[in-house]
Amino acid sequence: MTAIHRGPVSAAVFAYRMRWKRRRLLFRIWRKRRQITPVCDRTTVIRPGAILCFSTVRNEMLRLPFFLAHYRKLGVSHFLFVDNDSDDGTAAFLAAQPDVSLWKTSQSYRLSRFGMDWLGWLQWTYGHGHWCLTVDADELLIYPHCEQRDLHALTNWLDGQGARSFGALMLDMYPKGPLDQHDHHPGDDPTKLLAWFDAANYRQRPHPVYDNLWTQGGVRERVFFAAEPHKAPTLSKTPLVRWHWRHVYVSSTHQMLPRKLNQVFDPDSDAKTTGVLLHTKFLPNIAAKSAEELTRRQHFENSDLYQTYHQRLTESPDLWCPTSTRYEGPAQLTRLGLMSKGRWV
């Protein structure tokens, strides 16, 4: 990856601007703290060394039972959720879980920086000193050796390496056939239905501001953004971080401040250990969710291109193509170069 070079004066000015941006975001998080109200606060059970998971959700009952099982198996000790006005039983389900603390809000998801202001306050308050995982309900983290080694093993190793963050590629999973012509029930493993992915059509470049590796491509670009690939979703994320109250996400979990936390990928070698977020967006309810989004307009960009994207999803297209690859497990993704063992063997 080609580094962004700046002269001494411009580098100093740029660093000053980034410090102030971080402070403005932290102040914004502090101001937004009253938008979320506790439903059940069990954070007193959090112990030193606990791995915490943070997520904003809305109407995710189709995913949450497996989501919780997946991350409990990986070693997450406590989940901190913000429920954004669900009406499908999500809030009641989460409130009944003994390892969940839940907050609620009816405020705008878009105007909260897509939930990052709300989660930022919870991370500031409860995350300091912990390894914190920040994921959406449709993201399942895997990494090399995850079948045998849990997140405590991974984060202990990262601590020993002096690493304070861990990167993952978001990999869109999809079924074969129209999206709505399948069955999926709460508790089912979504990768049994969403068993296919694009293996090779990815490109990377350094972000000009945050120095993270900016990855685009995959099935969403192939199907929905082929005419304007530069507008395709960003796929590189930093979901796992040894949290400090001064840390802040800038755009979802794609970029962070301080910028050094973004240095989690090295496309020129396999030196850095990385993971994959299996993205289970394309479950059979995607058409209904997209139709709702066309009305609510709460997700990311509301450009004509994204309106067309959501409109096409309401039609339940078939994303499969002859070059699609069937998912076999974490070792397969390492062989394909979509994640890396690095020095963790």
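To start, this report covers the structure provided alongside it. The shown structure was predicted, so the numbers you read here are calculated from the model rather than taken from an experiment.

Bringing the overall build of the protein chain into the picture now. In terms of helices and strands, the protein chain carries 10 helices and 15 strands. What you see for the protein chain is a C-alpha radius of gyration of 19 Å, in line with the 20 Å of a compact globule of 345 residues. Overall, the protein chain is about 55 × 45 × 45 Å in size when its C-alpha atoms are taken along their principal axes. Pairs at least 24 apart in sequence give 75% of the contacts found in the protein chain among residues at least 6 apart.

This paragraph deals with helix 4 (residues 116-127). Because each turn of an α-helix spans 3.6 residues, side chains separated by three or four positions in sequence point in the same direction. In this model helix 4 runs just 14 Å from its N-terminal to its C-terminal C-alpha over 12 residues, more than 12% under the 16 Å that 1.5 Å per residue would give. For helix 4, the full list of buried residues reads Met116, Asp117, Trp118, Leu119, Gly120, Leu122, Gln123 and Gly127. One or two positions beyond helix 4, positive phi appears at glycine 129, with a value near 90°.

What follows covers the side chain of aspartate 138. Its place among the elements puts aspartate 138 in the loop between strand 5 (131-134) and strand 6 (139-142). No salt bridge is formed by the buried aspartate 138. Its closest oppositely charged neighbour is arginine 63, at 4.9 Å. In contact with aspartate 138, other than residues within four places in its own chain, are Arg63, Leu278, His279, Thr280 and Lys281.

Turning our eyes to something else, we now look at the pairing of strand 7 (residues 165-172). A regular strand carries its side chains on alternate faces of the sheet. The element strand 7 is largely enclosed, with a buried count of eight among its eight residues. Of the two faces of strand 7, the one holding Ser165, Gly167, Leu169 and Leu171 and the one holding Phe166, Ala168, Met170 and Asp172 are both buried throughout. Across four bridges, strand 7 lies against strand 11 (residues 236-242) in antiparallel orientation. Within the sheet, the bridge partner assigned to alanine 168 lies in strand 11 and is lysine 237. Relative to strand 14 (residues 275-279), strand 7 is paired through five bridges, and the arrangement is parallel. Bridged to methionine 170 within strand 14 is leucine 277.

Moving on, we get to the side chain of arginine 220. Turning to its location among the elements, arginine 220 is positioned in helix 7 (residues 218-224). Residue classification places arginine 220 among the buried residues on the basis of a relative accessible area of 7%. The contact partners of arginine 220, leaving out residues within four places of it in the chain, are Met170, Asp172, Phe225, Pro233, Leu235, His279, Lys281, Phe282 and Tyr309.

Before going further, it helps to spend a moment on the sheet that holds strand 5. Spatially, nine strands are ordered 1-4-3-2-5-11-7-14-6 in an open sheet, and the strand pairing comes out mixed. With partners counted over all chains shown, the strands left at the sheet margins are strand 1 (37-40) and strand 6, one partner each. Here the strands of the sheet are splayed against their neighbours by 25° on average, with no regard to which way each runs. In this structure, strand 3 (residues 78-84) lies alongside strand 4 (residues 100-105), joined through six bridges in parallel fashion. Bridged to aspartate 83 within strand 4 is lysine 104. Each of strand 2 (52-57), strand 3, strand 4 and strand 5 is contacted by helix 4, which is oriented at about 160° to strand 2, the strand it contacts most. Running at roughly 85° to strand 11, helix 5 (residues 151-160) makes contact with strand 5, strand 6, strand 7 and strand 11 of the sheet.

Attention shifts here to the pattern of salt bridges. Within the structure shown, the criterion is met by 15 salt bridges. With a closest N to O distance of 2.8 Å, aspartate 99 and arginine 72 form a salt bridge. Here aspartate 99 is found in the loop between helix 3 (90-95) and strand 4, whereas its partner arginine 72 is found in helix 2 (residues 64-74), with 27 residues between them in sequence. Classification of aspartate 99 by relative accessible area gives buried; the value is 15%. The network of salt bridges with shared partners includes Arg28, Arg113 and Asp117.

A word on the packing of aromatic side chains. Counted by the stated rule, this structure contains 16 aromatic pairs. With 4.9 Å between their ring centres and 65° between their planes, phenylalanine 67 and tyrosine 71 make a pair best called edge-to-face. Of this pair, phenylalanine 67 and tyrosine 71 both sit in helix 2, four residues apart, roughly one helical turn. Take phenylalanine 67 and tyrosine 71: they sit in the same class, and that class is buried. Arranged with centres 5.8 Å apart and planes meeting at 15°, the rings of tryptophan 124 and tryptophan 245 form a pair that is stacked. Pair noted here: tryptophan 124 is in helix 4 and tryptophan 245 is in the loop between strand 11 and strand 12 (248-251), with a separation of 121 residues, a long-range link. Through successive ring pairs, a cluster of aromatic residues spans Phe67, Tyr71, Phe79 and Phe81. Lying across the ring of tryptophan 121, arginine 33 places its NZ or CZ 5.9 Å from the centre. The side chain of lysine 176 reaches across the aromatic face of tryptophan 320, ending 4.2 Å from its centre.

The rules behind each value
- Residues numbered from 1 in each chain as written.
- Predicted model: local features only at pLDDT ≥ 70, side-chain atom pairs only at ≥ 80, totals over all residues.
- Heavy atoms only, no water.
- Helix = DSSP H or I, 4+ residues; strand = E, 2+ residues; numbered from the N terminus.
- Rg over C-alpha atoms; globule rule 2.2 N^0.38 Å.
- Contact = heavy atoms within 4.5 Å.
- Expected span 1.5 Å × (residues − 1).
- Buried < 20%, exposed > 50% of the residue type's maximum accessible area, 1.4 Å probe, protein only.
- Lys, Arg positive; Asp, Glu negative; His and termini not counted.
- Salt bridge = Lys/Arg side-chain N within 4 Å of Asp/Glu carboxyl O.
- Pairing = 2+ DSSP bridges.
- Axes fitted to C-alpha atoms, helices over the stretch in contact; angles between N-to-C directions.
- Phe/Tyr/Trp six-rings, centres within 6.5 Å; stacked < 30°, edge-to-face > 60°.
- Lys NZ or Arg CZ within 6 Å of the ring centre and 35° of its normal.

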